Amino acid sequence: MRLTARSLLPAVLALTVAAATGCAPQDDPPAAGTPAGTSGSASASGSGCAAGGLATETKGKLTVGTDKPAYAPWFQDDDPASGKGFESAVAYAVAKALGYGADQVVWKTVPFNNSFAPGAKSFDFDINQVSISDERERAVDFSSGYYDVRQAVVALKSSPFAGAKNAAALKGAKLGAQVGTTSLDTVDEVIRPSRQPAVFQKNDFAKSALRNGQVDAIVVDLPTAFYITSAEVPDAKVVGQFAGSSGDAEQFGLVLDKGSALTSCVTRAVDTLRADGTLAALEKRWLSDAVDVPVLK
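All right, on to the overall build of the chain then. Summing up its helical and strand segments, the chain has nine helices and 10 strands in all. For the chain, buried positions account for 46% of its 297 residues. By sequence separation, contacts in the chain at least 24 residues apart represent 70% of the contacts at least 6 residues apart. Counting only carbon and sulfur atoms, one obtains 53% of the accessible surface of the chain, whose full area is about 14700 Å².

Structure below.
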């Protein structure tokens, strides 16, 4: 039997090599309009991120989730599909990097807290100012960060807390923030007010409470703070912003199903957009400059 096996070995090896060659994954050709160096998608060549051919919720489409209403400056006119507003523009830029045209993007309404709750998702990725955190990563996947976040305090100009210079000066305030957000975490962990904060299901309710004097101030991310004070509650002002509490900046990430086959492809797309300056250009176009906002110590 040894002699027979040895005599068959060359033939067996030849068949094995031929089969392996025929079954090996082949690189897809670059798609038209794909950024240079992405081999047809935002991922590296041979990574399985075939441009426009990912294993998405609906074949040939990219389903993107976000909440409703879709707030400015992240979206405009409550219309995620317009391509206007920072997150709408980012979503379409990611789609393009993945090989999907604007007409192949399908938007789906997903409540904020549902986007990162445990359980199967009905979207390919969700974009809705969701901060990346270890706790959330136990339930969902995140792409790399597409925006570095700072939290800010907004108060009516007539409020005794409008001139606060630090977190200690806000301890006696009645503060408000949206449930499940890092804004609320900032209230609880950074400001640590002596009064129980008001918790709202949506930022719309928090803004109404501020306008009506039910709270002294609210905490939101900085671009939202600018929009509130310029367009929604003009009698309010941005009191200040908080620097990151650690060496790692808080970042918004795209949310994906836990263990999603798309996570690495979407992450590569975001990384490409950051590296080639697209994210910075979109931020400059759609989000306000934070240079003149004082930092609350």
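Picking up after the structure, the text goes on.
Evaluated as defined, the whole model comprises one disulfide. At a sulfur-sulfur separation of 1.9 Å, the disulfide partner of Cys 49 is Cys 265. Disulfide Cys 49-Cys 265: the torsion about the S-S bond is -85°, which places it as left-handed. Placement of the pair is Cys 49 in the loop between helix H1 (2-23) and strand E1 (62-66) and Cys 265 in helix H8 (residues 263-275), with a sequence separation of 216 residues. Here the two residues Cys 49 and Cys 265 agree in accessibility, since each one is buried.

Residues Phe 86, Val 94, Leu 98, Phe 125, Ile 127 and Tyr 146 are the most contacted members of the largest nonpolar core, which totals 38 residues. Among the secondary structure elements, those contributing two or more residues to this core are E1, helix H2 (86-97), strand E2 (105-109), strand E4 (140-149), strand E10 (250-257), H8 and helix H9 (278-286). Examining the composition of this core, we find that nine residues originate from one element, H2, more than from any other. Those residues in contact with Leu 98 that sit more than four places away from it in its chain are Ala 50, Ala 51, Gly 52, Leu 54, Leu 62, Cys 265, Val 266 and Ala 269.

Confidence along the chain averages 85 in pLDDT terms, with 81% of residues attaining 70 or more. Confidence drops under pLDDT 50 across residues 1-46; counting only partners more than four residues distant or on other chains, this segment forms 28 contacts.

Attention now goes to the packing of H2 against H9. Between H2 and H9, whose axes approach to 9 Å, the crossing angle comes to 155°. Here H2 lies roughly antiparallel to H9, going by the angle between them. Crossing of H2 against H9: the hand is right-handed. Where H2 abuts H9, its residues Phe 86, Ala 89, Val 90 and Ala 93 lie against Thr 278, Leu 279, Leu 282, Glu 283 and Trp 286. Its residues placed into classes, the contact of H2 with H9 shows seven nonpolar, one polar and one charged.

The rules behind each value
- Residues numbered from 1 in each chain as written.
- Predicted model: local features only at pLDDT ≥ 70, side-chain atom pairs only at ≥ 80, totals over all residues.
- Heavy atoms only, no water.
- Helix = DSSP H or I, 4+ residues; strand = E, 2+ residues; numbered from the N terminus.
- Buried < 20%, exposed > 50% of the residue type's maximum accessible area, 1.4 Å probe, protein only.
- Contact = heavy atoms within 4.5 Å.
- Areas by Shrake-Rupley, 256 points an atom, 1.4 Å probe, with all protein chains shown as cover.
- Disulfide = S-S within 2.5 Å.
- Core = buried A, V, L, I, M, F, W, Y, C linked by side-chain atoms within 4.5 Å.
- pLDDT = per-residue confidence, 0-100.
- Axes fitted to C-alpha atoms, helices over the stretch in contact; angles between N-to-C directions.
- Parallel < 35°, antiparallel > 145°, perpendicular 65-115°, else oblique.
- Left-handed = near helix turned anticlockwise from the far one by under 90°.
- Nonpolar A, V, L, I, M, F, W, Y, C, P; charged D, E, K, R; others polar.

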